[in-house]
Amino acid sequence: MPGFGDIVQKAFYLGVGLASYAGEKAGGKLAEVRSQVQKLADEMVAKGEMNTEEARRFVEDMMKQAQQAQPSVETSPETPPSQPRRIEILEEDEEPTVKEASNDENVDKLRDEVLKLQDELKRLQRDQ
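None of the values given here were measured: they were computed from a predicted structure.

A.B. asks: How should I be thinking about the overall build of the chain in this particular structure?
C.D. replies: For the chain, the helix and strand inventory stands at 3 helices and 0 strands. In the chain, buried positions account for 20% of the 128 residues. The contacts of the chain with a sequence gap of at least 6 include a subset with a gap of at least 24, amounting to 68%. Surface exposure of the chain reaches about 10300 Å², of which carbon and sulfur atoms provide 53%.

In structure tokens, the structure reads:
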């Protein structure tokens, strides 16, 4: 039977691995959203609906919204966290007390918003 120290060490490594994996997934989703927003902005510039400066600001604003909507997975070495991360241990019949929207949900919402904007742009182009 492994000792308590081994279990704690394995639990720590599992947590670090999960945090790393979540960070990679969030970064990939943000890059995908950025490319979709950039594509939309490029289409609007090509149609003359906005100039390049407005398009650049539009993309930056959308990315700021996306980054603010999701909590940071990684903490930078220059700014250590003010408090340790809270870990909640639940019994099998208990439910979590804090429910937060996942990063995937926030990215999916932004992706849906971009797709709606693209559809609206296409509709407006057809109506002209």
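There's plenty left to go through after this.
A.B. asks: Even after reading the chapter, I still don't get the nonpolar core, so can you show me in this structure?
C.D. replies: Where a protein is soluble and globular, its nonpolar side chains tend to be buried together. Judged by nonpolar contacts, the single largest core of 17 residues is most densely connected at Val-37, Phe-58 and Val-59. Of all the secondary-structure elements, those providing two or more residues to this core are helix H1 (4-46), helix H2 (52-69) and helix H3 (103-127). Those residues within four positions of Val-59 in sequence are excluded, and the remaining contacts are Arg-34, Val-37, Gln-38 and Ala-41.

A.B. asks: Mind showing me how you'd approach the side chain of Arg-111 here?
C.D. replies: If you trace the backbone, Arg-111 turns up in helix H3. A distance of 3.1 Å separates the side chain of Arg-111 from the side chain of Glu-32, its partner in a polar contact. With residues near it in sequence (within four places) discarded, Arg-111 still touches Lys-29, Glu-32 and Gln-36.

A.B. asks: Which parts of the structure should I look at to understand the side chain of Gln-118?
C.D. replies: As for its position among the elements, Gln-118 is in helix H3. When its relative accessible area of 12% is taken as the criterion, Gln-118 is described as buried. When residues no more than four places from it in sequence are discounted, the contact partners of Gln-118 are Gln-36 and Leu-40.

A.B. asks: Looking at this structure, how should I read H1?
C.D. replies: An α-helical turn contains 3.6 residues, so a residue and the one three or four places further along point in the same direction. With 43 residues, H1 should cover 63 Å at 1.5 Å per step; its first-to-last C-alpha distance of 63 Å lies within 8% of that length. When H1 is considered as a whole, its buried residues turn out to be Gly-23, Ala-26, Leu-30, Val-33, Gln-36, Val-37, Leu-40, Ala-41 and Met-44. Where H1 terminates, the next one or two residues include Gly-48, which has phi positive at roughly 80°.

A.B. asks: Can you walk me through the pattern of salt bridges in this structure?
C.D. replies: Opposite charge on two side chains permits them to pair, given that their charged atoms come into close proximity. Tallied over the full model, the rule gives 6 salt bridges. Between Glu-60 and Arg-56 there is a salt bridge, and its shortest N-O distance comes to 2.7 Å. You can see Glu-60 and its partner Arg-56 sitting in helix H2, 4 residues apart, about one turn around the helix. Among the residues examined, Glu-60 registers a relative accessible area of 33% and is labelled partly exposed. A relative accessible area of 39% means that Arg-56 is categorised as partly exposed. Each of Glu-32, Asp-108 and Arg-111 takes part in a single network of salt bridges with overlapping partners.

A.B. asks: How should a nonpolar patch on the surface be read in this particular structure?
C.D. replies: A contiguous nonpolar patch, built from Phe-12, Tyr-13 and Val-16 and spanning about 350 Å² of accessible area, is present on the exposed surface. Locating Val-16 in the fold gives a position in helix H1. On the basis of relative accessible area, Val-16 is assigned to the partly exposed category, the value being 44%.

A.B. asks: Help me out: how do you make sense of the environment of Leu-121 in this one?
C.D. replies: Mapped onto the fold, Leu-121 is located in helix H3. Take Leu-121: its relative accessible area is 4%, and that puts it in the buried class. Linking Leu-121 and Lys-47, residues 74 residues apart in sequence, is a C-alpha distance of 9.9 Å. Those residues in contact with Leu-121 that lie beyond four places of it in its chain are Leu-40, Glu-43, Met-44 and Glu-49.

Cut-offs used in this document
- Residues numbered from 1 in each chain as written.
- Predicted model: local features only at pLDDT ≥ 70, side-chain atom pairs only at ≥ 80, totals over all residues.
- Heavy atoms only, no water.
- Helix = DSSP H or I, 4+ residues; strand = E, 2+ residues; numbered from the N terminus.
- Buried < 20%, exposed > 50% of the residue type's maximum accessible area, 1.4 Å probe, protein only.
- Contact = heavy atoms within 4.5 Å.
- Areas by Shrake-Rupley, 256 points an atom, 1.4 Å probe, with all protein chains shown as cover.
- Core = buried A, V, L, I, M, F, W, Y, C linked by side-chain atoms within 4.5 Å.
- Polar contact = N/O pair within 3.5 Å; in protein donor to acceptor, adjacent residues only side chain to side chain.
- Expected span 1.5 Å × (residues − 1).
- Salt bridge = Lys/Arg side-chain N within 4 Å of Asp/Glu carboxyl O.
- Patch = residues over 30% accessible without salt bridge, like charges linked within 9 Å, V, L, I, M, F, W, Y side chains within 5 Å.

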